[in-house]
Amino acid sequence: IDRGKGMMNALAATPIDIVIWGNHEADIDHRTVCKHVKGFPGTWINTNMQSHEAMEHQVPYKIIDISSPDGSNVRRVGLVAVLSDDPKLYSHFKPPGAFGGASIEDPWDTLRIYKKILEKDEGCDVVLPLQHLYVPDDRKTCRNFDFPCILSGHDHHRVDQ
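Definitions and limits used
Residues numbered from 1 in each chain as written. Predicted model: local features only at pLDDT ≥ 70, side-chain atom pairs only at ≥ 80, totals over all residues. Heavy atoms only, no water. Buried < 20%, exposed > 50% of the residue type's maximum accessible area, 1.4 Å probe, protein only. Helix = DSSP H or I, 4+ residues; strand = E, 2+ residues; numbered from the N terminus. Arc of directions from axis to C-beta. Lys, Arg positive; Asp, Glu negative; His and termini not counted. Salt bridge = Lys/Arg side-chain N within 4 Å of Asp/Glu carboxyl O. Polar contact = N/O pair within 3.5 Å; in protein donor to acceptor, adjacent residues only side chain to side chain. Pairing = 2+ DSSP bridges. Contact = heavy atoms within 4.5 Å. Axes fitted to C-alpha atoms, helices over the stretch in contact; angles between N-to-C directions. Phe/Tyr/Trp six-rings, centres within 6.5 Å; stacked < 30°, edge-to-face > 60°. Lys NZ or Arg CZ within 6 Å of the ring centre and 35° of its normal. Expected span 1.5 Å × (residues − 1).

> Got a minute to help me understand helix α5 (residues 135-144) in this structure?
An α-helix turns once per 3.6 residues; consequently, residues spaced three or four apart project the same way. Restricting attention to buried positions, one finds in α5 the residues Val135, Asp137, Asp138 and Thr141. Here the buried residues of α5 occupy an arc of 160° about the axis, which is enough to place them on one side. The outward face of α5, more than 90 degrees from its buried face, is lined by the exposed residues Pro136 and Arg143.

> I'm lost on unusual backbone geometry in this one. Help?
The general pattern is negative phi for most residues beyond glycine and trans for most peptide bonds. Cis geometry marks the peptide bond from Pro95 to Pro96, where omega comes out at 15°. The phi dihedral of Arg3 is positive, around 60°, even though this residue is not glycine. Checked against the element boundaries, Arg3 lands in the segment before α1 (5-13). Residue Arg3 is classed as exposed on the basis of its relative accessible area, which comes to 52%.

> Just to check I follow, could you spell out the side chain of Asp86 for this structure?
Here Asp86 is to be found in the loop between β4 (74-83) and α3 (87-90). Although buried, Asp86 forms no salt bridge, and the nearest oppositely charged side chain, Lys88, lies 4.2 Å from it. A distance of 2.9 Å separates a polar side-chain atom of Asp86 from the backbone nitrogen of Lys88.

> Got a minute to help me understand the sheet that holds β4 in this structure?
Through backbone hydrogen bonds, the strands of a sheet pair up, either in parallel or in antiparallel fashion. Taken in spatial order, the four strands make up an open sheet running β3-β4-β5-β6, and their pairing is mixed. Strand pairing shows two members of the sheet lacking a second neighbour, β3 (61-67) and β6 (151-152), which therefore form its edges. Judged from the two bridges that link them, strand β5 (residues 126-132) and β6 form a sheet pairing that is parallel. Its bridge partner being in β6, Gln131 is matched across the sheet by Ser152. Contacting β3, β4 and β5, helix α4 (residues 107-121) crosses the sheet at an angle of about 160° to β4.

> Teacher, can you tell me more about the packing of aromatic side chains here?
Given two aromatic rings, their pairing is described by the distance between the two centres and the angle made by the two planes. Inspection of the entire model under this criterion finds six aromatic pairs. Their ring planes at 90° and their centres at 6.1 Å tell us that Phe40 and Trp44 sit as a pair that is edge-to-face. Across this residue pair, the class does not change: Phe40 and Trp44 are buried. Aromatic rings pair up to connect Trp21, Phe40, Trp44, Tyr90 and Phe99 into one cluster. Taking NZ or CZ as reference, Lys140 lies 4.0 Å from the ring centre of Trp108, over its face.

> Help me understand α4 in this model?
For α4, with 15 residues, the first-to-last C-alpha span of 20 Å sits near the 21 Å given by 1.5 Å per residue. Every buried residue of α4 is accounted for by Pro107, Trp108, Thr110, Leu111, Tyr114, Lys115 and Leu118. The buried residues of α4 occupy an angular sector of 145° when the element is viewed end-on, so they sit on one face. The exposed residues of α4 that point more than 90 degrees off its buried face are Lys116, Lys120 and Asp121. Turning to α4, the residues buried within the fold contact β3, β4, β5 and α5.

> What exactly am I supposed to notice about the pairing of β4 here?
Both faces of the sheet carry side chains from a regular strand, because those side chains alternate between them. Buried residues dominate β4, accounting for seven of its ten residues. Bridging between β3 and β4 involves seven bridges; their strand directions are antiparallel. Among the inter-strand pairings, Tyr61 is bridged to a residue of β4, identified as Val80. Connecting the antiparallel pair β3 and β4 is a turn made up of six residues, with Gly71 showing a positive phi of about 80°. Pairing of β4 with β5 involves seven bridges; the strand directions are parallel. By the bridge assignment for β5, Leu79 is matched with Leu128.

Structure below.
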């Protein structure tokens, strides 16, 4: 109804610091979505769609340093975010296509690349993927990687696994 304005206002008014892409952002006019990206006061992580027009207002990953209460332990946590590249999700969009024609890279190739960057180059103790994928895709991530957990959402029903 309001092209996402109310949702973005709600996100800005809550203690939500990080957002990622979902397929329904493609349902809104691309110029409007780019305005939302630019106006979001937190961090918009976009790891596998970096050709997006508003990428300069997004990051491919985020590192959070978490300290124990007494400060004696610090752990570096790397966050990456992948969006489904399932062509069926986007086949109904007219040219230039979903997300203004941005290319969505394979989630698992992207996870493999950024897991290495975050662990080896950035010294992260752990990498956590934020995923907008289907449950079978989440299972594939579990089979192919040693992430301690996956934070995911896409299916429109409750899943506790």
